[in-house]
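# Structure assessment
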Amino acid sequence: MSSQQQPAPQEKQPPQYFKGVVKLVLSGDSVIIRGQPKGGPPPERQLNLSGINAPRLGRRAGGSAEETKDEPFAWDAREYLRKKLVGKEVVFTIEYKVPSSGREYGFLYLGKDASSGENVIEALVSEGLVTVRQEGIRGSTELARLAELESAAKAASKGKWASSGLQEHVRDIKWVVENPRQLVDKFKGKPVQAVVEHVRDGSTVRAFLLPDFYHITLMVSGIRCPGFKLDSEGKPDPAATEPLAEEAKFFSETRLLQRDVQIVLESVNNNNFVGSVIHPNGNIAELLLRDGFARCVDWSIALVTGGAEKLRAAEKAAKEKKMRIWKDYVSSAPQLSAKEKQFNGKVVEIVNADAIMVKLHDGTIRKIFLASIRPPRLEEKAEEKGEKKKGFRPLYDIPWLYEAREFLRKKLIDKRVDVTVDYVQPASANYPEKTCCTVLIGGVNVAEALVSKGYATVIRYRQDDDQRSSRYDELLAAEMKASKTSKGVHDKKEAPTHRVADLSGDLAKSKQFLPFLQRAGRSEAVVEFVASGSRLRLYIPRETCLITFLLAGINCPRGTRPNLNGAPGVQDGEPFGDAALQFTKEHCLQREVEIEVESMDKGGNFIGWLWLDNHNYSLKLVEEGLASVHFTAERSAHYRAMQIAEENAKAKKLRIWANYVEKEVKAVPEEDAGAERKTNYQAIVITEVTPELRFYAQKVDQGQALEQLMNQLRQELNTNPPLAGAYVPKKGDVCAAKFSDGEWYRARVEKVAGNQVHLLYIDYGNREVSTAVKCVSIPAAYAGPAAFAHEYSLACVALPSDPEDIQEAVTAFGEDTNGRQLLLNVEYKGGNGDCATLLTNETDAAQRKDIARELIADGLLCVETRREKRLVKLVNDYIAAQDSAKKRHLNIWRYGDITEDDANEFGVGKRKI
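Residues numbered from 1 in each chain as written. Predicted model: local features only at pLDDT ≥ 70, side-chain atom pairs only at ≥ 80, totals over all residues. Heavy atoms only, no water.

On to the overall build of the protein. Counting secondary structure elements, the protein contains 24 helices and 47 strands. Its C-alpha atoms give the protein a radius of gyration of 43 Å, more than 25% over the compact-globule value 29 Å for 913 residues. C-alpha extents for the protein along the principal axes are approximately 145 × 70 × 55 Å. Counting across all 913 residues of the protein, residues that qualify as buried make up 45%. Contacts in the protein between residues at least 24 apart in sequence constitute 62% of all its contacts with a sequence separation of at least 6. Looking at the protein as shown, the accessible area adds up to about 47,800 Å², and 48% of this sits on carbon and sulfur atoms. (Helix = DSSP H or I, 4+ residues; strand = E, 2+ residues; numbered from the N terminus. Rg over C-alpha atoms; globule rule 2.2 N^0.38 Å. Buried < 20%, exposed > 50% of the residue type's maximum accessible area, 1.4 Å probe, protein only. Contact = heavy atoms within 4.5 Å. Areas by Shrake-Rupley, 256 points an atom, 1.4 Å probe, with all protein chains shown as cover.)

This is the structure in structure tokens:
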């Protein structure tokens, strides 16, 4: 425009002044001025500055035209005007108009009136950025003034009149970026200074990245504004323009066009860059959303620097106000009260990789689905090929579904979670209504964790669909990371396979597996299904098999169940059968347990003992009054404890014993079947002694295994440190805890009081009151091995009644056993566990001493008489030692026979010894 010959001025007339705002600077001598908006984008007018020529700006190649370079100081002149004028109010006059092209020439003043405003043409000449033309100007006064200013600029070597360095003021423009992704990686998400050169629509701009002059087309990440459809010539088609497209474009132009901004390059889409434009007032995407000129788009919102929360909040505010594109918006979100929308509860079952059962405070159980995610499923090609073969089991046969279920099971089962209802998916076809929620545990979004592992994918929605997770953007970001690292379902090369043998109801297969399961001793298993209080379906990872398992040693009432052969109706259960079923379901379903298989019935069902958190579950059912002791328990080591538990349940009239009436029977002296005392001494070391004179012992031959387990556990936790606060200790849990020495040990939670956690270190027997932050979930591989420290009490002895005497006995016992290898033999099972004798471990058996007998002989302990014939000799030996201590008046006998002094007249019942 500045290169064309300006026509001679027409007859001079009084100047007419116009006002406007500079929208755009085309070059050092040409600007676009807009009027004030009235109900839409305002009119625009191009003004060429009279009497001057500015250096030409370079142009990119297009069509048949070749690329041109800047003339020296062309960019400087343009930038001078841009920084001075863009967005400012100006006053201008039209000196003349070229009839053939309609191009207008005139004077431009910065300000609200010409008399006080700055003459822009004079300012350009003074800076040496333009050349004064000797013709085509309004009058000799203006020409003389400009000539004088130009002479001064030349004398001062300003701008283009400098004697050297002109080429330093020529841009090296990169009109085409050959490798867009490489440029994105170069800037590494850091803000880059830029000048916006063109606004194509409200959310698409062209800009120069400074100072390297990369010319880019940028799509604003996270949003889309109404746009312009192009016609056959590649120009906007007015007939196909989307509503509010012009208004959105004007909104962006007034804030971005030729403004200094910062651009964050975040990705590439079809050779166009995707990123954020940071305006001095904030992210332009947020401003467009807030004023109802744009909507969020899922495909790029996960890329937004700083997260998508502000963009979603801005869009939500515009929707609520029904601004512009949202004028007809009607929310599809469920209308729920605050109590219905948010609640918490305990997870009792993982139904699938996207659904869980939660027990609420009132005891009701509610099924909820994780919002906006889809669990692993068979690919469509596999379904078309008919890969759902006979006996198809989705959990094991669909790749990654088992891993997804296990991830949720280990993280959630028996843990409290916070639930926020996001939407309710109505029932359709054969699918029931779904309540879809965001589930948090310790502040961690469960769905996001699942997606980040590659165990689920994110559902894609229409842009106008509000039925989605409240943390949808976080899910998209997690999926993007999982996809980039080829995790889980995104790994198309290595899909896991699970070949599981289902032994349920298959007698032949069960017989094959029985010897292996019997020889295995205690085996780890996962409870997959609970059919009744004592009938469970287990998965044994070690043998990769599914079995039906019956609890040994008990009779459990049968619950209500469907009629056989699909007949309508149900079979009524026995009293408390359903209660037993619910009790076992709540405590065992999908928990990790230990089993010991003893035998098998004629239906191929395995019979044995089950331990939950190292507690015999048959015994637990008996204790709760939900089962009675079966005669087959008599041959087990658990019989005595189960008898005691049953008697206690009867006395309390618990559940099945509610109407129990005790029959009168004649007392019969208890006698063991065998008259000989059996001994099987094992080498042990005592690790802890309690104030009640119970002690914990480790077997010497297990020392190396314990040390190896501790080293592996510590290495695992140091290599993969657990998320702080993710684990919530619960009574009965086996966890990993950091002891006061700074090392990790296995521990059982005995009590939780506020932030205090009472722990028993199961491999050593010592106790400690710690805090929740020092406890973490223990990996399954290290939770499985049984505790290395076992609790015992001394057989055939009783503590004295005086607290000081008890303390003295405990101290003496500790001194006699501390740091020594001893020999231990279990004599019988008492009410609180195994009762044993301890011998010193001399090589010569004749020199070995009985620790309990020595304490009795020192007058520190009393003898507890036993009626078993096999213990007569041992008890008599202890009584002889006690009589010797009495005669010598040692310790508790120093004032005589305390068993005779505890008479009723002193207010104390006679002591039983």
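That covers the picture; the talk isn't over yet.
So, about the pairing of strand E27 (residues 535-540). Two strands pair when backbone bridges link them, and strand E26 (residues 523-532) and E27 are joined in this way by five bridges, in the antiparallel orientation. Among the inter-strand pairings, Val530 is bridged to a residue of E27, identified as Leu536. Two successive antiparallel strands, E26 and E27, enclose a turn made up of two residues. As defined by bridge partners, E27 adjoins strand E28 (residues 545-551) across six bridges and the pair is classed as antiparallel. (Pairing = 2+ DSSP bridges.)

What follows deals with helix H12 (residues 401-412). In a regular helix each residue adds 1.5 Å, so 12 residues correspond to 16 Å; H12 covers 16 Å between its end C-alpha atoms and thus fits that length. H12 sits mainly inside the fold: 10 of its 12 residues count as buried. Just downstream of H12, Asp414 is the residue with a positive phi angle, here 70 degrees. (Expected span 1.5 Å × (residues − 1).)

With that settled, consider the sheet that holds strand E43 (residues 789-794). Pairing within the closed barrel is mixed, and its five strands lie in the order E36-E37-E43-E46-E45. Across this sheet, the average inter-strand angle for adjacent strands is 55 degrees, counted without regard to direction. As defined by bridge partners, E43 adjoins strand E46 (residues 833-840) across three bridges and the pair is classed as parallel. Across the sheet, the residue bridging to Ser793 is Cys835, located in E46. Sheet contacts for helix H21 (residues 803-817): strand E36 (682-689), strand E37 (694-699), E43, strand E45 (821-830) and E46; angle to E36, the most-contacted strand, approximately 135 degrees. (Axes fitted to C-alpha atoms, helices over the stretch in contact; angles between N-to-C directions.)

This part is about the nonpolar core. The biggest cluster of nonpolar side chains holds 85 residues, and the ones touching the most others in it are Leu209, Ile263, Leu265, Leu412 and Leu450. With near-sequence residues (within four places) excluded, Leu209 lies in contact with Leu183, Phe187, Val192, Gln193, Ala194, Tyr214, Ile216, Ile263 and Leu265. Leu610, Trp611, Leu619 and Met642 belong to the second-largest nonpolar core, a separate cluster that totals 42 residues. (Core = buried A, V, L, I, M, F, W, Y, C linked by side-chain atoms within 4.5 Å.)

Next up on the list: the sheet that holds strand E39 (residues 744-753). With antiparallel pairing, five strands are arranged side by side in an open sheet as E41-E40-E39-E38-E42. Edge positions in the open sheet fall to strand E41 (767-771) and strand E42 (775-777), since each of these has one partner strand only. Averaged over all pairs of adjacent strands, the angle between their axes in this sheet comes to 50 degrees, without regard to strand direction. Sheet topology note: the strand E38 (residues 734-738)/E39 ladder contains five bridges and is antiparallel. Note on E39: the bridge partner recorded for Cys735 is Ala747. Helix H19 (residues 703-719) rests against E38, E39 and E42 of the sheet, and its axis sits at about 75 degrees to E39.

Tallied over the full model, the rule gives 46 salt bridges. Among the ionic pairs, Lys186 bridges to Asp212, the shortest N-O distance being 3.9 Å. Taken together, the residues span a long stretch of sequence, with Lys186 in helix H4 (residues 180-187) and Asp212 in the loop between strand E10 (204-209) and strand E11 (214-220) at a distance of 26 residues. For Lys186, a relative accessible area of 47% corresponds to the partly exposed category. Classification of Asp212 as partly exposed rests on a relative accessible area of 29%. With a shortest N-O distance of 2.7 Å, Asp763 and Arg746 are connected by a salt bridge. Here the residue Asp763 occupies a position in the loop between strand E40 (756-760) and E41, and Arg746 occupies one in strand E39, the gap between them amounting to 17 residues. The exposure class assigned to Asp763 is buried, which follows from its relative accessible area of 0%. Each of Asp298, Arg312, Glu315, Lys319, Asp466, Arg468 and Asp473 takes part in salt bridges that share partners, so that together they form one network. (Salt bridge = Lys/Arg side-chain N within 4 Å of Asp/Glu carboxyl O.)

Next up on the list: the UniProt feature "domain: Tudor" (unreviewed entry) in the protein. UniProt feature "domain: Tudor" (unreviewed entry): in the numbering of this structure it lies at residues 728-785. Between the C-alpha atoms that bound residues 728-785 there is a distance of 22 Å. The span itself is 7% helix and 48% strand. (UniProt positions renumbered as here; feature names shortened; annotations may be inferred.)

Here Asp201 lies in strand E9 (residues 192-201). A distance of 2.9 Å separates the side chain of Asp201 from the backbone nitrogen of Ser203, its partner in a polar contact. Of the polar contacts made by the side chain of Asp201, one reaches the backbone nitrogen of Thr204; its length is 3.0 Å. Residue contacts for Asp201: discarding those within four places in its chain leaves Pro226, Gly227, Phe228 and Lys249. (Polar contact = N/O pair within 3.5 Å; in protein donor to acceptor, adjacent residues only side chain to side chain.)

Quick look at the state of the cysteines now. All told, the structure shown has zero disulfides when counted by the stated rule. Between Cys437, a free cysteine, and Cys436, which holds the nearest cysteine sulfur, the sulfur-to-sulfur gap is 6.9 Å. Accessibility expressed as a relative area gives 1% for Cys437, which makes it buried. With no disulfide partner, Cys545 has as its closest neighbouring cysteine sulfur the one in Cys588, 18 Å distant. A relative accessible area of 0% places Cys545 in the buried class. (Disulfide = S-S within 2.5 Å.)

Relative to the elements of secondary structure, Gly521 occurs in the loop between helix H15 (507-519) and E26. Residue classification places Gly521 among the partly exposed residues on the basis of a relative accessible area of 21%. Considered as a pair, Gly521 and Ile595 are 74 residues apart in the sequence and their alpha carbons are 7.9 Å apart. In this view, Gly521 contacts Ile595 and Glu596; residues no more than four positions away in its chain are not counted.

Turning our eyes to something else, we now look at the pairing of strand E22 (residues 434-441). Extensive coverage of E22 is indicated by the burial of seven of its eight residues. Pairing between strand E21 (residues 416-425) and E22: seven bridges, direction antiparallel. What sits directly across from Gln425, in E22, is Lys434. The hairpin turn running from E22 into strand E23 (residues 444-445), its antiparallel successor, is two residues long, and Gly442 in that turn takes a positive phi close to 60 degrees.

Below, the discussion takes up the packing of aromatic side chains. Applying the stated rule across the entire model yields 22 aromatic pairs. Taken together, the ring pairs in this structure connect Trp75, Trp175, Phe208 and Phe213 into an aromatic cluster. In this structure, Lys154 is placed above the aromatic ring of Trp161, and the distance from its NZ or CZ to the ring centre is 4.6 Å. The side chain of Arg468 reaches across the aromatic face of Tyr472, ending 4.7 Å from its centre. (Phe/Tyr/Trp six-rings, centres within 6.5 Å; stacked < 30°, edge-to-face > 60°. Lys NZ or Arg CZ within 6 Å of the ring centre and 35° of its normal.)

Our next topic: helix H14 (residues 472-484). With 13 residues, H14 extends 19 Å between its outermost C-alpha atoms, agreeing within 8% with the 18 Å of an ideal straight helix rising 1.5 Å per residue. Looking at the buried side of H14, the elements it contacts are helix H7 (298-301), helix H8 (309-321), strand E20 (373-374), E23, helix H13 (446-452) and strand E24 (457-458). Downstream of H14 by a residue or two, Ser486 has a phi angle that is positive, lying close to 55 degrees.

Here the focus is unusual backbone geometry. Note that the residue after Leu210, namely Pro211, is joined by a cis bond; omega there is 5 degrees. For Pro211, the location among the structural elements is in the loop between E10 and E11. A positive phi angle, close to 55 degrees, is found at Lys322, a residue other than glycine. Of note, Lys322 is situated in the loop between H8 and helix H9 (338-341). Of note, the phi angle at Trp400 is positive, near 75 degrees, even though the residue is not glycine. Within the secondary structure, Trp400 is located in the loop between helix H11 (394-397) and H12. Looking at Trp400, the relative accessible area reads 15%, which means it is buried.

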